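In case you want the letters, here they are:
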Amino acid sequence: MNTTQNFNETIPEQSERSSSIEEENKLAESTSADSTCMSRATTDDVHDVKVAVIGNVDSGKSTLVGVLTKCLLDDGRGFARSKVFNFAHEVANGRTSSIGQEIMGFTPEGQQVEPERASTAHSMISTVTKNQSWSQVVSKSEHLVTFLDLCGHEKYLKTTIFGLVGLTPDYAMIVIGANMGVQRMTKEHLGIALALKVPVFIVVTKIDMCPENIYQQTMEQLMKILKSGGARKIPFIVRNEEDVKTCADNIASDRVCPIFSISNVSGEGLSNLRAFIGSLRSRAQFAEGFRGPEEPAEFHIDGVYSVTGVGMVVAGTMKSGTVGPNHTLLLGPDKAGLFKPVTVRSIHCKRVPVPQVMAGQSACFAIRSLVKREQLKRSSFRKGMVLVDRELQPRASWEFEAEVVILHHATTIKPHYQAVVHCGVIRQAAQVLSMSRELLRTGDKGLINFRFMYHPEFLHENMTILFREGRTKGLGRVSRILYDGAGV
């Protein structure tokens with residue numbers, strides 16, 4: 001929690017670059033060689049890597065996801081992005097308003113598995129066609145990369161934060177339009193990713209339509225931001241296969257920040273980006289909040305669907321344990337803070353039926369209530385619900401204590417202050433009951449006692465929390481959970 005500066009205010013003024021790009025790369029290589037890299041031997045068993053795609057609106061995030069996953073080039077008029085949108089209104093206005101998911105598959109030799117072309121003239125691919133495409137990619141792949149296509153517009157910031165906090169991505173891909181430069185929302189997204197300690201890499205798009213002088217200005221601005229006190233990253237311009245290998249081996253050190261320059265229309269630079277993404281390995285076994293597959297099961301729900309002929313289906317991430325069909329779990333907490341038994345009828349992972357899922361994997365469960373005369377409906381679910389093993393004896397709490405640092409606040413934070421708390425899949429307004437200090441300003445650290453405003457939630461100690469209200473942001477960790485006024 002040492003990221004205490006507001007990114008909108010710590011960006012240094014424009015000045016002459018102190019060193020050339022070649023010198024930056026040499027510095028990055030020397031630093032990355034000395035860094036302690038993640039042990040791949042322990043992560044090779046986990047074949048799924050999650051990459052969050054973030055950046056300012058209209059920077060080309062969905063287009064890039066479409067180009068990478070569908071193995072096609074864009075026409076400059078929205079052809080590629082139309083292949084990945086979830087809703088018709090997103091196709092109509094060209095803006096992502098929900099969390100989209102797409103996959104890339106790689107063979108043992110590192111070659112991308114090309115998906116079958118959809119045999120439909122409509123711009124949006126049907127669910128049936130998408131199921132077939134994913135099944136074909138999964139069946140031929142040894143290594144999968146899942147893209148979480150998040151929103152760029154400011155009014156959808158809460159959805160983007162939910163994706164970064166609740167869906168636990170392994171890496172964040174920040175997309176910047178070469179002709180637009182680094183916008184305010186780009187800095188906002190970068191600041192959140194760095195605060196959550198998610199390794200980031202940069203993709204500069206639209207280089208085919210950007211004048212050379214504007215492109216150089218964008219790169220200089222980007223270099224200054226990454227080297228600023230708030231980020232403390234070493235920029236690494238990727239130009240060839242050797243650079244790709246260096247970055248892929250050392251991005252987990254969270255010190256080097258690779259930068260790719262690409263064009264979705266001409267295809268320039270895409271081969272290096274594909275090779276880099278195919279070399280990424282999962283960080284789930286090193287990430288906070290994950291436990292072993294032998295532990296009691298805990299599944300955090302991030303999506304709910306009503307499927308005709310199947311019933312209620314929940315999507316989410318396994319935080320611990322192993323779950324198979326006919327496994328009985330507790331669903332909750334509901335609006336009253338209670339947990340109710342359900343049974344898992346079937347399991348899908350990447351739209352493919354599987355016999356079981358383990359800690360670190362994302363999946364969908366078709367579930368049925370075991371309470372007599374009670375049928376699950378969409379209204380039975382809300383943000384923050386989980387499926388847990390009876391052995392955990394889960395309890396919901398109204399209050400918790402957290403060690404926090406204020407990343408940015410215009411004035412001061414005092415008791416009775418209210419903000420929206422993001423903690424895993426939890427997203428709810430909470431009020432400050434008491435603090436260890438009389439008031440908190442930007443950069444201050446302290447203990448805060450929060451109370452949820454509407455419903456009790458299921459929490460663990462040491463869970464990361466992010467709270468926001470307008471442009472106010474704070475980051476912290478749950479230090480104590482209070483049940484009925486008593487600390488546990």
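Refer to the structure above for everything that follows.
Residues numbered from 1 in each chain as written. Predicted model: local features only at pLDDT ≥ 70, side-chain atom pairs only at ≥ 80, totals over all residues. Heavy atoms only, no water.

Novice: Would you mind showing me how to read the overall build of the protein chain here?
Specialist: For the protein chain, the count of helices and strands is 10 helices and 24 strands. Across the 488 residues of the protein chain, 56% fall into the buried class. Expressed as a percentage of contacts within the protein chain between residues at least 6 apart in sequence, the contacts between residues at least 24 apart total 72%. (Helix = DSSP H or I, 4+ residues; strand = E, 2+ residues; numbered from the N terminus. Buried < 20%, exposed > 50% of the residue type's maximum accessible area, 1.4 Å probe, protein only. Contact = heavy atoms within 4.5 Å.)

Novice: Is there a simple way to think about the state of the cysteines in this case?
Specialist: Disulfides are covalent bonds that connect the sulfur atoms of two cysteines. In the structure shown here, the tally under the stated rule is 0 disulfides. Here Cys-364 stays unpaired: no disulfide links it, and the sulfur of Cys-349, its closest cysteine neighbor, is 8.6 Å away. By relative accessible area, which is 26% here, Cys-364 ends up partly exposed. (Disulfide = S-S within 2.5 Å.)

Novice: It is not clear to me how the pairing of strand S12 (residues 328-332) should be interpreted in this structure. Could you clarify?
Specialist: Remember that side chains alternate between the two faces of the sheet whenever the strand is regular. Most of S12 is tucked away, with 4 of its 5 residues classed as buried. Pairing of S12 with strand S13 (residues 340-349), which is carried by 4 bridges, proceeds in the antiparallel orientation. The partner of Leu-330 across the bridge, within S13, is Pro-341. Taken together, the 3 bridges between S12 and strand S17 (residues 386-388) define a ladder with antiparallel strand orientation. Opposite Gly-332, over in S17, you have Val-386 as the bridge partner. (Pairing = 2+ DSSP bridges.)

Novice: What's the story with the nonpolar core in this structure? I'm lost.
Specialist: Soluble globular proteins tend to pack their nonpolar side chains together in the buried interior. Within the largest apolar cluster, 41 residues are counted, with the highest numbers of intra-cluster contacts made by Val-200, Ile-202, Val-204, Leu-222 and Ile-259. Of all the elements in the fold, those that place two or more residues in this core are strand S1 (48-55), helix H6 (157-166), strand S5 (171-177), helix H7 (184-195), strand S6 (200-205), helix H8 (212-227), strand S8 (256-261) and strand S18 (399-408). Residue contacts for Val-200: discarding those within four places in its chain leaves Ala-172, Ile-174, Leu-190, Ala-193, Leu-194, Lys-233, Ile-251, Val-256, Cys-257 and Pro-258. Counting 33 residues, the second-largest nonpolar core is a separate cluster that includes Met-104, Tyr-171, Met-173 and Val-256. (Core = buried A, V, L, I, M, F, W, Y, C linked by side-chain atoms within 4.5 Å.)

Novice: For this particular structure, what's the right way to read H6?
Specialist: In an α-helix there are 3.6 residues to a turn, and that puts residues three or four apart on one side. With 9 of 10 residues buried, H6 lies mostly within the body of the structure. All of the buried residues in H6 are Leu-157, Thr-159, Thr-160, Ile-161, Phe-162, Gly-163, Leu-164, Val-165 and Gly-166. Among the residues trailing H6, Thr-168 stands out with phi positive, at a value near 45°.

Novice: Mind showing me how you'd approach the pairing of S5 here?
Specialist: Along S5, 7 of the 7 residues are buried, which leaves the element largely enclosed by surrounding structure. Neither face of S5 is open: one carries Tyr-171, Met-173, Val-175 and Gly-177, the other Ala-172, Ile-174 and Ile-176, and all of them are buried. As paired elements, S1 and S5 share 5 bridges and run parallel to each other. Looking at S5, one finds that Val-53 is bridged to Met-173. Taken together, the 6 bridges between S5 and S6 define a ladder with parallel strand orientation. The residue bridging Ala-172 from the neighbouring strand is Val-200, located in S6. For the handedness criterion, the β-α-β arrangement of S5, H7 and S6 is classed as right-handed. (Right-handed = clockwise from strand over helix to strand, strands pointing away.)

Novice: I'm lost on H7 in this one. Help?
Specialist: If you check H7, its first and last C-alpha atoms are 16 Å apart, about what 12 residues at 1.5 Å a residue would give, namely 16 Å. Within H7, 11 of the 12 residues are buried, leaving the element largely enclosed by the surrounding structure. Taken as a whole, H7 has its buried residues at Met-185, Thr-186, Lys-187, Glu-188, His-189, Leu-190, Gly-191, Ile-192, Ala-193, Leu-194 and Ala-195. Downstream of H7 by a residue or two, Lys-197 has a phi angle that is positive, lying close to 60°. (Expected span 1.5 Å × (residues − 1).)

Novice: How do you make sense of unusual backbone geometry when you look at a structure like this?
Specialist: Among all residues except glycine, the phi angle is most often negative; among peptide bonds, the trans geometry is most common. The residue after Gly-332, namely Pro-333, is reached through a cis peptide bond having omega -10°. Among the structural elements, Pro-333 can be located in the loop between S12 and S13. Although it is not a glycine, Asp-254 sits at a positive phi angle of roughly 60°. Judged by its relative accessible area of 28%, Asp-254 is partly exposed. Positioned with a positive phi, Asn-326 is a non-glycine residue whose angle comes to about 70°. By secondary structure assignment, the location of Asn-326 is in the loop between strand S11 (322-323) and S12.

Novice: Explain the sheet that holds S8 to me, please; I cannot follow it from the model alone.
Specialist: Remark on secondary structure: sheet strands pair via backbone hydrogen bonds, oriented parallel or antiparallel. On the basis of which strands lie adjacent, the open sheet formed by 8 strands has the order S3-S2-S4-S1-S5-S6-S8-S7 and mixed pairing. Pairing within the sheet leaves two strands with one partner each, and these edge strands are strand S3 (112-113) and strand S7 (234-237). The strands touched by helix H10 (residues 270-279) are strand S2 (100-106), S3, strand S4 (143-149), S6 and S8; relative to S2, the strand with the most contacts, the crossing angle is about 90°. (Axes fitted to C-alpha atoms, helices over the stretch in contact; angles between N-to-C directions.)

Novice: Just to check I follow, could you spell out the environment of Phe-290 for this structure?
Specialist: Relative to the elements of secondary structure, Phe-290 occurs in the loop between H10 and strand S9 (298-307). Overall, the relative accessible area of 16% leaves Phe-290 in the buried class. Taking the C-alpha atoms as reference, Phe-290 lies 6.0 Å from Ser-320; in sequence the two are 30 residues apart. Once residues lying within four places of it in the same chain are set aside, the contact partners of Phe-290 are Thr-168, Ala-284, Thr-317, Met-318, Lys-319 and Gly-360.

Novice: I'm lost on the side chain of Thr-96 in this one. Help?
Specialist: Along the polypeptide, Thr-96 turns up in the loop between helix H4 (88-93) and S2. Of the polar contacts made by the side chain of Thr-96, one reaches the side chain of Ser-62; its length is 2.7 Å. If near-sequence neighbours (up to four positions away) are discounted, Thr-96 is found in contact with Ser-62, Phe-85, Glu-90, Asp-149, Leu-150, Cys-151 and Tyr-156. (Polar contact = N/O pair within 3.5 Å; in protein donor to acceptor, adjacent residues only side chain to side chain.)

Novice: For this particular structure, what's the right way to read a nonpolar patch on the surface?
Specialist: A contiguous nonpolar surface patch, about 230 Å² in accessible area, is contributed by Tyr-305, Val-307 and Val-310. Among the secondary structure elements, Tyr-305 is positioned in strand S9. Since its relative accessible area comes to 44%, Tyr-305 is described here as partly exposed. (Patch = residues over 30% accessible without salt bridge, like charges linked within 9 Å, V, L, I, M, F, W, Y side chains within 5 Å. Areas by Shrake-Rupley, 256 points an atom, 1.4 Å probe, with all protein chains shown as cover. Salt bridge = Lys/Arg side-chain N within 4 Å of Asp/Glu carboxyl O.)

Novice: How do you make sense of the packing of aromatic side chains when you look at a structure like this?
Specialist: Each aromatic ring pair is summarised here by two numbers: the centre-to-centre distance and the angle between the ring planes. What the rule picks out here adds up to 8 aromatic pairs. Their ring planes at 25° and their centres at 4.3 Å tell us that Phe-299 and Phe-365 sit as a pair that is stacked. On the criterion of sequence distance, the pair formed by Phe-299 in strand S9 and Phe-365 in strand S16 (residues 362-369) is long-range, its members being 66 residues apart. Looking at Phe-365, the relative accessible area reads 0%, which means it is buried. A centroid spacing of 5.3 Å and a plane angle of 20° characterise the contact between Phe-400 and Phe-450, whose relative ring orientation is stacked. Here Phe-450 lies in strand S21 (residues 445-452) and Phe-400 lies in strand S18, a separation of 50 residues in the sequence. Assessed through its relative accessible area of 1%, Phe-400 is described here as buried. (Phe/Tyr/Trp six-rings, centres within 6.5 Å; stacked < 30°, edge-to-face > 60°.)

By themselves, these observations are geometric and do not establish any function.
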